[in-house]
Every structure is written in structure tokens, then in C-alpha cells.
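Tertiary structure, described
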Amino acid sequence: MSTRWSCRAFSSRPVPRTEIAKILEAARKTPSWCNTQPWHVDITEGRATDDLRAALRAAIADGPGQNPDIEFPTSYEGVYRDRRRESGFQLYESLGIEKSDRAGSARQMLRNFDFFDAPHVAIVTTEPALGAYGAVDCGLFVQSFVLAAHSLGIATIPQAALATQAPVIREHLGLDQKRHVLIGVSFGYPDITSPVNGYRTSRRSTEEVATFHA
């Protein structure tokens, strides 16, 4: 957990199916409320990744409109805004994008829909009837997935941006119409030469995270 990071530049080298199976074997042991295990993951490889990338690019050609299955945050205020901005500034600085360069930051945002050139993407869906707690359980699954991948030297980046195109993803992959697209996780081997993979975000101290009551 101390060394995992979100990768934004991948090599084209595919992850062997045997290694993906190891990730899933670990992640399937994730705990959930009443052992409901609400997650399902659809994983692309090879041409399927390229085809989904193309479908998403076509869908956002006139602008990346948002149509998520699960409502996004309505706003980021106070410390949440500050942390979000800090992370964004680190990203743009690593790429040499000036704060005033709106076009440059917009182009970088669109890289989400290229999966940052990752050879694989995992689409995580949940059962709507399980509500927020089903989504929480799936969040635990995503954490298990990315940590298991990291343990094998495989880089990941969870992407809420992909959920903005939930109808496109559902139709293209032939997903169950009753399930909600929660998040995508692009993964593969990192391009360690890319400067965008060189920065690390900050975390709150343990004193800020926890309050003890005695």
C-alpha cells in the first residue's frame, strides 16, 4: 500500500492471462456485506481493448458528456477541493502543462478514454438494488484488485471517468442491462520512462484520519 501508485502511461506489453487469473484469485476473497459479493468484472485484452477504446473515443468526439449510472459528486469544497487541486497540479507539472493551459489539461483528461495506452481495462459493475453498500463492497474489490496487481509488478489506475460513458460501455461489451457500471481499472506494465509516472500524491496523517474515544 505504501508503494502502489496510479499509472498514467503504460507499455503495450500485454499481461499474461495467468497473471490476470492470480489477481482475480486474490480479489475474489474480498469481504462484503452478508457475503453478497456484488461485484462482477469484465476484462478486455488484445483487440477487445482497442475496440472499446475506439468506441469511447467516438462517443466523446463532440465532447465528453457525462451519463454515469451512479451520481457523481456534486461539488468539491474546502479540503476536498484543495486535495483535488494539489493532485491535478502535480499531474500537469509532471507533463509540463501550465496551469493556464486549458487545452493541454483537457487533452490530458481525454487520455482517460485511451486507458493511458494500457493493454487491458477491467469494468466493475454492481447490482443497483444493493445501493450504496453494494458500491462500497465493490470499492473493496477494486482495492484488492489493484493491490494484488501491484504485488505482481502490474500497474493500475482506477478511473471514474470511464463511468461517465456507462451506456456506451454496457452496449459495446454486451453487459447486463440491469447492472450499474461503477468504475474502470486500466492495467498493464508501466512505462517507467514517462515523467507522468514519477510523481506521488500526498496522504493525510494518521492523527488527521482517526479520532479515538475512551
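Keep in mind the model is a prediction, meaning the values are calculated, not measured.

Time to look at the overall build of the chain. Secondary structure summary: the chain contains seven helices and four strands in total. Starting at the N terminus and ending at the C terminus, the chain contains elements arranged as α-β-α-α-α-β-α-β-α-β-α. Its C-alpha atoms give the chain a radius of gyration of 18 Å, near enough to 17 Å, the size a compact globule of 214 residues would have. In terms of its C-alpha atoms, the chain occupies a principal-axis envelope of roughly 55 × 45 × 35 Å. Burial status across the chain gives 37% buried among its 214 residues. The contacts of the chain with a sequence gap of at least 6 include a subset with a gap of at least 24, amounting to 85%. Of the roughly 12,500 Å² that the chain leaves accessible, carbon and sulfur atoms contribute 53%. A gap of 3 Å separates the mean positions of the 24 positive and 24 negative side-chain charges of the chain.

All chains considered together, the criterion is met by four aromatic pairs. Between the aromatic rings of tryptophan 33 and tyrosine 133, the centroid separation amounts to 4.7 Å while the plane-to-plane angle is 75 degrees, which identifies the pairing as edge-to-face. Separated by 100 residues along the polypeptide, tryptophan 33 in the loop between helix H1 (17-27) and strand S1 (40-43) and tyrosine 133 in helix H5 (residues 131-151) bring together distant segments of the chain. Residue class for tyrosine 133 comes out exposed when judged on its relative accessible area of 52%. An angle of 75 degrees between the planes, with centres 5.5 Å apart, marks the rings of phenylalanine 145 and phenylalanine 187 as edge-to-face. Placement of phenylalanine 145 in helix H5 and of phenylalanine 187 in strand S4 (residues 180-188) is noted, with a sequence separation of 42 residues between them.

On to the pattern of salt bridges. Applying the stated criterion across every chain, the model contains 12 salt bridges. Aspartate 114 is the partner of arginine 57 in a salt bridge, and the nearest nitrogen-oxygen pair spans 3.0 Å. Of the two residues, arginine 57 is situated in helix H2 (residues 47-59) and aspartate 114 in the loop between helix H4 (102-110) and strand S2 (120-126); the sequence distance between them amounts to 57 residues. Connected through salt bridges with shared partners, the residues Arg57, Arg111, Asp114 and Asp117 form a single ionic network.

It is worth spelling out the sheet that holds S4 at this point. Spatially, four strands are ordered S1-S2-S4-S3 in an open sheet, and the strand pairing comes out antiparallel. Sheet topology places S1 and strand S3 (155-159) at the edges, where each strand pairs with a single neighbour. Shown here is a sheet whose adjacent strand axes are inclined to one another by a mean of 25 degrees, direction ignored. Alignment of S3 against S4, held across five bridges, turns out to be antiparallel. What sits directly across from alanine 155, in S4, is glycine 188.

Moving on to the environment of isoleucine 23. Mapped onto the elements, isoleucine 23 comes out in helix H1. Distance in space between the C-alpha atoms of isoleucine 23 and alanine 59 is 30 Å, their sequence separation being 36 residues. Apart from the residues lying within four places of it in its own chain, the contact partners of isoleucine 23 are Phe145, Ala148, Ala149, Leu152 and Ile154.

Peptide bonds are mostly trans, and most non-glycine residues show a negative phi. In this model, phenylalanine 116 sits at a positive phi of 50 degrees, which is unusual for a non-glycine residue. In this structure, phenylalanine 116 sits in the loop between H4 and S2. The exposure class assigned to phenylalanine 116 is buried, which follows from its relative accessible area of 2%. Phi is positive for aspartate 117, close to 70 degrees, though the residue is something other than glycine. In this fold, aspartate 117 is placed in the loop between H4 and S2.

Attention now goes to the side chain of arginine 179. Turning to its location among the elements, arginine 179 is positioned in the loop between helix H6 (166-173) and S4. By relative accessible area, arginine 179 is classed as buried at 15%. Polar contacts involving the side chain of arginine 179 include one to the main-chain carbonyl oxygen of proline 38, which spans 2.6 Å. Polar contacts involving the side chain of arginine 179 include one to the main-chain carbonyl oxygen of threonine 125, which spans 2.8 Å. Those residues in contact with arginine 179 that lie beyond four places of it in its chain are Pro38, Trp39, His40, Asp69, Thr125, Thr126, Glu127, Pro128 and Arg170.

Calculation rules
Residue indices follow the written sequence of each chain, beginning from 1 at its first position. Local features in this predicted model are restricted to residues of pLDDT 70 or higher, and side-chain atom pairs are both shown and tallied only at a pLDDT of 80 or more, whereas totals for entire chains, interfaces and linings draw on every residue. Calculated side-chain values reflect all of the structure's heavy atoms, with hydrogen atoms and water omitted. Here a strand is any run of E in DSSP of at least two residues, a helix any run of H or I of at least four, and the numbering for each starts at the N terminus. Radius of gyration: C-alpha atoms only; globule rule: 2.2 Å multiplied by the number of residues to the exponent 0.38. A simple rule labels every residue: compare its accessible area, found with a 1.4 Å probe on the protein chains alone, to the largest value its type can have, and call it buried under 20%, exposed over 50%, or partly exposed in between. In what follows, a contact means two residues having at least one pair of non-hydrogen atoms within 4.5 Å. The method behind every accessible area is Shrake-Rupley, applied with a 1.4 Å probe, and residues are considered shielded solely by the protein chains displayed. Note on charges: Lys and Arg go in the positive column, Asp and Glu in the negative column, and His and the chain ends are not counted at all. Positions of charges follow a simple convention, taking NZ of Lys, CZ of Arg, CG of Asp or CD of Glu. Pairs were defined over the aromatic rings of Phe, Tyr and Trp, the Trp ring being its six-membered one, requiring ring centres within 6.5 Å. Orientation was assigned from the angle between planes: stacked under 30 degrees, edge-to-face over 60, tilted for the rest. Salt bridges, as used here, are contacts in which a Lys or Arg side-chain nitrogen is within 4 Å of a carboxyl oxygen on Asp or Glu. By the convention used here, strands pair only if DSSP detects at least 2 bridges between them. Axis definition: a line fitted to C-alpha atoms, limited for helices to the stretch in contact. Angles are taken between N-to-C directions and run from 0 to 180 degrees. In the analysis that follows, any N or O atom pair within 3.5 Å is treated as a polar contact, provided that within protein one partner can donate a hydrogen and the other can accept it, and provided that, for residues neighboring in sequence, both atoms belong to side chains.

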